[in-house]
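For reference, the chains in residue letters:
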Amino acid sequence: MDLAINETQQMLKNSAREFFARECPLSLVRAMEELPKGYTDELWQGMVDLGWLGLALPEKYGGAGGDLMDVAALLEEMGRALMPGPFFSTVVLGAMTILDAADEDNKEKLLSQIANGQLIVTLALTEINGTYDPEGIEVSARVDGNGYVINGTKLFVPDAQASDLLIVATRTSQTFNPKEGVTLLLVPKGTDGVRITPHETLPSGAQGEVRFNEARVPFSATLGGKDMGWPIIERTLRRAAAAKCVEMVGGAQAVLDMTLKYLKYRAQFGRPLGTFQSLQHHCANMATDVEGCRYTAYQAIWRVARSPQADREVSIAKAWVSDAYIRICALAHQCHGAIGFTKEHDLQMYTHRARIQEQAFGDSRVHRKVLSNNLGDLHYLGRTES
């Protein structure tokens, strides 16, 4: 298993870092937190021009023919820069799910629009219970005439306000097994009966509520077949959780870097703060956590890119990185003192983002439970034969 990025991916990382330093400084990120849209058209078009939206799409759909590891290299730099905008929703939740499950007509129609920046997509999955389990899918879609009629409410939909197309998880059949009877439907934003309301979230949260009231879509809007949506969702969630971990690695590295810089130049009691042993220990603990995050995150993304059986690696990564990123930010605040908590300082933006990403696609508690279920039957450990 070689988790190192290749030369092409390193070049991609370098160019992304230069692009964000020039086009997306933290001053812009701070300004975008105050705007409903949360990003600028110029920033989005810049990413389109660089071909990033089609990075993992086949060339026949207007993409670059890359894979998930290429996207991961880019996401780490996006996490470092706190890049605002619907890239993650459109590429990881949207384009890759469509590539997995759509029929050829929908692939040709939608993926080329995503690659050239004309279509922003997201996944509408969670509801009032806030879980990522099949039991939580209650939005109904009944057959009526030549299509489906959708009713219900989705909550915490990422980039809902900016999206042109929603991939909606619906309940089309009631069965004993909640994994059955789930259907994914493609719902354009302007569909009659669809209302999107922004949530009041932490800065850069960019989540929304989507209400469906007798919203109609044709049968051709089905993604992956009627009652066959849950396996597609599981694959999407594994990929999204692993990708989010890599994004968090970039943020964690940025927090460590800014803390080291601060301790080197900030003096107290006639000496740099970095000369105090307790703060050196904080930095050592932060560095240890960053490297642990990087290893587990890239192990997970590598496994997801190559095998559908990646629950164990993904849950290890999401459980560890979610907690470690919070620890890193907490130690950084200890090192910075009161200044790190002020709105004018960059550190608080990373802390906000860490809290948002901690909850995305399951927090550490959820993934420890998933991991325990993938470690074999623990009931018999320690027992001896009579």
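Residues numbered from 1 in each chain as written. Predicted model: local features only at pLDDT ≥ 70, side-chain atom pairs only at ≥ 80, totals over all residues. Heavy atoms only, no water.

Enquirer: Explain the overall build of the protein here, please?
Expert: For the protein, the count of helices and strands is eleven helices and ten strands. Taking 21 Å as the expected radius of gyration for a compact globule of 386 residues, we find that the protein reaches 22 Å, a close match to that expectation. Each principal axis of the C-alpha distribution contributes one length, and for the protein these read about 80 × 70 × 40 Å. Burial analysis of the protein (386 residues in total) assigns 53% to the buried set. (Helix = DSSP H or I, 4+ residues; strand = E, 2+ residues; numbered from the N terminus. Rg over C-alpha atoms; globule rule 2.2 N^0.38 Å. Buried < 20%, exposed > 50% of the residue type's maximum accessible area, 1.4 Å probe, protein only.)

Enquirer: So what exactly am I meant to see when it comes to the confidence of the model for the protein here?
Expert: When pLDDT drops low, the exact placement of atoms in the prediction is not to be read closely. Averaged over all residues, the pLDDT of the protein equals 91, while 95% of them reach at least 70. Across residues 378–386, confidence stays below pLDDT 50; counting only partners more than four residues off in sequence or on other chains, it has zero contacts. (pLDDT = per-residue confidence, 0-100. Contact = heavy atoms within 4.5 Å.)

Enquirer: Explain the side chain of Ser315 to me, please; I cannot follow it from the model alone.
Expert: Structurally, the position occupied by Ser315 is in helix H9 (residues 311–336). Within polar-contact distance, the side chain of Ser315 engages the side chain of His367 at 3.1 Å. The contacts of Ser315, once residues within four sequence positions are left out, are His367, Val370 and Leu371. (Polar contact = N/O pair within 3.5 Å; in protein donor to acceptor, adjacent residues only side chain to side chain.)

Enquirer: Explanation requested: the pattern of salt bridges in the structure shown.
Expert: Note on pairing: side chains with opposite charge can pair once their charged atoms come close. Overall, the coordinates contain 24 salt bridges when judged by the stated rule. Residue Glu77 pairs with Arg17 through a salt bridge whose shortest N-O separation is 2.9 Å. Of this pair, Glu77 sits in helix H4 (residues 68–81) while Arg17 sits in helix H1 (residues 7–23), and the two are 60 residues apart along the sequence. Look at Glu77 and you get buried, because its relative accessible area is 1%. For Arg303, the salt bridge identified is with Glu313, shortest N-O distance 3.5 Å. Residue Arg303 is found in helix H8 (residues 277–306), and its partner Glu313 is found in helix H9; the two are separated by ten residues along the sequence. For Glu313, a relative accessible area of 12% corresponds to the buried category. Here the residues in one salt-bridge network are Lys13, Arg17, Glu76, Glu77, Arg80, Asp257, Glu291 and Arg294, joined through shared partners. (Salt bridge = Lys/Arg side-chain N within 4 Å of Asp/Glu carboxyl O.)

Enquirer: I tried to follow the layout of surface pockets on my own but got confused; where do I start?
Expert: A probe as big as a water molecule, rolled over the atoms, marks out the empty space that is left. Here the second largest pocket defines a volume of roughly 280 Å³. Around the second largest pocket sit 15 residues that line it, and Asp100, Arg235, Arg239, Val304 and Ala305 are the ones nearest its centre. Going through the elements one at a time, helix H5 (87–101), helix H7 (230–265) and H8 are the ones with two or more residues in the lining of the second largest pocket. For the lining of the second largest pocket, the class distribution of residues is seven nonpolar, two polar and six charged. (1 Å grid on protein atoms, 1.4 Å probe; cavity = no way out; pocket = protein on both sides within 12 Å on 5 of 7 lines; lining within 4 Å. Points joined across faces, edges and corners; volume = space filled by probe spheres on them. Nonpolar A, V, L, I, M, F, W, Y, C, P; charged D, E, K, R; others polar.)

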